[in-house]
Amino acid sequence: MSKKIILTGGGTAGHVMPALALIPELKRRFGEVHWIGRKEGMEKELVGNDAVYHGIDCPKFDRSKPTTALAVPFKLMKAADEAEKLIRQIAPDVIFSKGGYVSLPAALGKGDVPLVLHESDTSLGLANKLAAQSADAVCSSFPLPDFCGVEIIHTGSPLRSGIYSGNRELALAKCGFDGKRKVLLITGGSLGAKAINDGVDGCIETLTDRFDVIHIRGRGNDAEKRKGYYPISFTSEIFDLLAAADFAVTRGGGNSLFELGALAVPMLIIPLPKGASRGDQVENAAYFKREGLALTLDQDDIGKLPAALTELENSAPHLIAKMKRYAFDGTGEIIRIIERVSGINN
């Protein structure tokens, strides 16, 4: 009989891409891989044919609209019931949750199925906090203290194997760059970052005087190509672009930080400010700066971007040396924990 695993998570690419990194090995060990996400959402598009996809209603707590919070528990109970019925039909050996509000119905509706969580940030997100007490193992990219008596296992992040096989020359050719100048990769994450985009637009001539710039602007934030500047909206296959990057400007999402760190790309982190989020990106950025793995710039200081990039260039040798000694890739360890919790080898 084929073994089965359910993956869940979504809302942003940061709650999807790390779990996708696990699928090739999970297919080898389990055979049948399912994904529970929204009926229509980013995760459905990103998962594609990599797993059998099941869509359910996933209520979201919108921090910008606290008055809507009263209805969330009732919607969540309904979604958990929907997930529970689906989980009983699939009858998996284990569930792996990558977090985000999309993951919570499946985590709460798991029944007796073993559950493994993974947290990408320096503190547990709300979904993982709510699910941690019923989890059989909680893994994390960053070293975290135990949560309410639950041990958190520092594993590193699940990273896509493709990040190690990107082709720099293909990326340069696609962007129309000749390879004679350093390449600066700028990304605001899967949803884009208006503040970063505006900051780049305000000093684009200064940047293109110094670098060839690849700018991932986010969907709906298009810009015109120009000499030394290649803007794109979003791509889930950025391995070649990562290989081309000599430097990077990024938001503070754990997935992006760990992929760039694993490739030892000197990075300037401009985290999403607290208030616009729960503050996880600010904490992630502070950790990377404290450990000597990156430089940081507050979003309010985006006008200082050119000067911050000069500092990044000067600091690059030190940052690269630090990153090469840091264990970013936790893919193998997470697979082993999932397999142990599932009991498939017992």
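Up top is the structure.
These figures come from a predicted structure and were not determined experimentally.

> Explain the sheet that holds strand β4 (residues 94–97) residue by residue, including any values.
The parallel open sheet is built from seven strands, whose spatial order is β3-β2-β1-β4-β5-β6-β7. Edge strands, defined here as strands with exactly one partner in the open sheet, are β3 (52–56) and β7 (152–154). Within this sheet the neighbouring strands show an average axis-to-axis angle of 25 degrees, counted without direction. In terms of strand pairing, strand β6 (residues 137–140) meets β7 through three bridges, oriented parallel. Residue C139 lies in a different strand from β7, and its bridge partner there is I153. Contacts from helix α13 (residues 331–342) reach β1 (3–8), β4, β5 (115–119), β6 and β7 within the one sheet, and its direction differs from that of β4 by about 145 degrees.

> So what about the sheet that holds strand β12 (residues 267–269)? Which residues, and what values?
Here six strands make up an open sheet; going across it, the order is β10-β9-β8-β11-β12-β13 and the pairing parallel. The open sheet has two edge strands with one neighbour each: β10 (229–232) and β13 (295–296). Where β12 lies against β13, two bridges are found, and the strand directions are parallel. Across the sheet, L268 pairs through a bridge with L295, a residue of β13.

> Requested: an account of the nonpolar core, with residues and values cited.
Looking at soluble globular proteins, one finds that nonpolar side chains tend to be buried together. Judged by nonpolar contacts, the single largest core of 85 residues is most densely connected at M267, L268, F288, L305 and L309. Those residues within four positions of M267 in sequence are excluded, and the remaining contacts are A248, T250, L257, L260, G261, F288, L293, A294, L295, L312 and M323.

> Describe the state of the cysteines, naming the residues involved and giving the relevant values.
The tally for this structure, following the rule as stated, stands at zero disulfides. The thiol of C139 is unpaired, and the distance to the nearest cysteine sulfur, on C148, comes to 18 Å. Using a relative accessible area of 0% as the deciding quantity, one classes C139 as buried. There is no disulfide at C203, and the cysteine sulfur nearest it, in C175, is 18 Å away. Using a relative accessible area of 10% as the deciding quantity, one classes C203 as buried.

> How would you summarise helix α6 (residues 168–175) if you had to cite specific residues and measurements?
All of the buried residues along α6 are A171, L172 and C175. Buried positions in α6, seen along its axis, are confined to an arc of 100 degrees and lie on one side of it. Summarising the geometry of α6, the exposed residues directed more than 90 degrees from the buried face are E169, L170, A173 and K174. For α6, the elements touching its buried residues are β8 (183–187), β9 (212–216), β10 and α9 (239–244).

So, how was this worked out
Residues numbered from 1 in each chain as written. Predicted model: local features only at pLDDT ≥ 70, side-chain atom pairs only at ≥ 80, totals over all residues. Heavy atoms only, no water. Pairing = 2+ DSSP bridges. Helix = DSSP H or I, 4+ residues; strand = E, 2+ residues; numbered from the N terminus. Axes fitted to C-alpha atoms, helices over the stretch in contact; angles between N-to-C directions. Contact = heavy atoms within 4.5 Å. Core = buried A, V, L, I, M, F, W, Y, C linked by side-chain atoms within 4.5 Å. Buried < 20%, exposed > 50% of the residue type's maximum accessible area, 1.4 Å probe, protein only. Disulfide = S-S within 2.5 Å. Arc of directions from axis to C-beta.

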